[in-house]
Amino acid sequence: MSKILLVDDEPQIIKFLSISLRSQGYELVTATTGKEAISQVALSNPDLVILDLGLPDLDGQNVLLAIREFSQVPILVLSVRNLESDKVQALDSGANDYVVKPFGVQELLARIRIQLRLKPDSVAEFNQKNLRIDYVTRKVSYHGKEIRLSKKEYALLCQLTEHAGKVLTQTQLMQKIWGPTHLEDTHYLRILVARLRSRLGENEHKNSLIETLPGIGYRFVLD
């Protein structure tokens, strides 16, 4: 049974999500303040954190940074804040996903399932959705056909699949692939994503493995 820490100060949200999550078999721990949330991550060792940003004592962005100092537990931000800047800041600070209130409970449950089944980064192979990557030999095949990639195309694919289901911001990808001197050159990344899609024989609008979140970043699609 997976344990979820729900961090929110709205009684209605806590009541609604408690019923929804427990009905799916999850064990639930709750916190209503930022300080309590940080403490519960350390004490309860949850498998997933659902974090609201509007907490009474600490801003959720600061809570996120504090948790990331000692834990890599998946964190799904659930917030009324819908500005692109808030989403980018949270994702850059280590959030694994971001859902805006009001939300559909079925979508939220699907996003929770994705985070809870992500593979460890240390595995030697990725094999999902007809895409196989041998991280040791650096061989890539899709639908059984070997795909030849450039170094940067391969680096991008590895970043996306090693964090499959998680949103990677443009800043994170630029830092990983080009380094700190090219963080503003996001057109490089758009071109590289287009080339990688082409290598896979796909496009952005039909059956793509790579989801674009305009102005934010990209995600390798699991569901």
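Figured I'd write up the structure that's included with this text. Fair warning: this is a prediction, and the values are worked out from it, not measured in the lab.

**Re helix H4 (residues 84–92)**
Point 1. For H4, the set of buried residues is Asp86, Val88, Ala90 and Leu91.
Point 2. Considering only its buried residues, H4 is in contact with helix H3 (60–68), strand E4 (75–79), strand E5 (97–100), strand E10 (168–169) and helix H7 (170–178).
Point 3. Of the residues one or two after H4, Gly94 is the one with positive phi, at around 120 degrees.

**So, the sheet that holds strand E7 (residues 131–134)**
Two strands in a sheet stick together by hydrogen bonds in their backbones, pointing the same way (parallel) or opposite ways (antiparallel).
Point 1. Strand order across the open sheet formed by four strands is E6-E7-E8-E9, with antiparallel pairing between neighbours. Here the strands that pair on one side only, and so sit at the sheet edges, are strand E6 (125–128) and strand E9 (145–147). Direction aside, neighbouring strands of the sheet carry axes that sit 20 degrees apart on average.
Point 2. Taken together, the four bridges between E6 and E7 define a ladder with antiparallel strand orientation. Of the residues in E7, the one forming a bridge with Glu125 is Asp134.
Point 3. Its contacts with the sheet place helix H6 (residues 151–162) against E6, E7 and strand E8 (139–142), and it is angled at close to 105 degrees to E7.

**Some remarks on the nonpolar core**
It is characteristic of soluble globular proteins that their nonpolar side chains tend to be buried jointly.
Point 1. The biggest cluster of nonpolar side chains holds 29 residues, and the ones touching the most others in it are Leu131, Ile133, Leu156, Leu189 and Phe220.
Point 2. Listed by contribution, the elements that provide at least two residues to this core are E7, E8, H6, H7, helix H8 (186–199) and strand E12 (217–220).
Point 3. When residues of this core are assigned to their parent elements, the largest contribution, five residues, is made by H6.
Point 4. What Leu189 contacts, discounting residues up to four positions off in sequence, is Leu156, Gln170, Leu173, Met174, Trp178 and Tyr218.

**Digging into the pattern of salt bridges**
A side chain of one charge can pair with a side chain of the opposite charge if their charged atoms are brought near each other.
Point 1. Evaluated as defined, the whole model comprises 11 salt bridges.
Point 2. Lys101 serves as the salt-bridge partner of Asp8, at 2.8 Å between the closest nitrogen and oxygen. Taken together, the residues Asp8 in the loop between strand E1 (3–7) and helix H1 (11–23) and Lys101 in the loop between E5 and helix H5 (105–116) connect sequence positions 93 residues apart.
Point 3. Measuring nitrogen to oxygen at the nearest pair gives 3.3 Å for the salt bridge that ties Glu10 to Lys101. Of the two residues, Glu10 sits in the loop between E1 and H1 while Lys101 sits in the loop between E5 and H5, which places them 91 residues apart along the sequence.

**Notes on unusual backbone geometry**
Point 1. With an omega of -5 degrees, the peptide bond running from Lys101 to Pro102 counts as cis.
Point 2. Turning to its location among the elements, Pro102 is positioned in the loop between E5 and H5.
Point 3. The backbone of Asn130 sits at a positive phi, close to 65 degrees, despite the residue not being glycine.
Point 4. Take Asn130: its relative accessible area is 48%, and that puts it in the partly exposed class.
Point 5. One non-glycine residue, His143, lies in the positive phi region at around 55 degrees.

Cut-offs used in this document
Residues numbered from 1 in each chain as written. Predicted model: local features only at pLDDT ≥ 70, side-chain atom pairs only at ≥ 80, totals over all residues. Heavy atoms only, no water. Buried < 20%, exposed > 50% of the residue type's maximum accessible area, 1.4 Å probe, protein only. Helix = DSSP H or I, 4+ residues; strand = E, 2+ residues; numbered from the N terminus. Contact = heavy atoms within 4.5 Å. Pairing = 2+ DSSP bridges. Axes fitted to C-alpha atoms, helices over the stretch in contact; angles between N-to-C directions. Core = buried A, V, L, I, M, F, W, Y, C linked by side-chain atoms within 4.5 Å. Salt bridge = Lys/Arg side-chain N within 4 Å of Asp/Glu carboxyl O.

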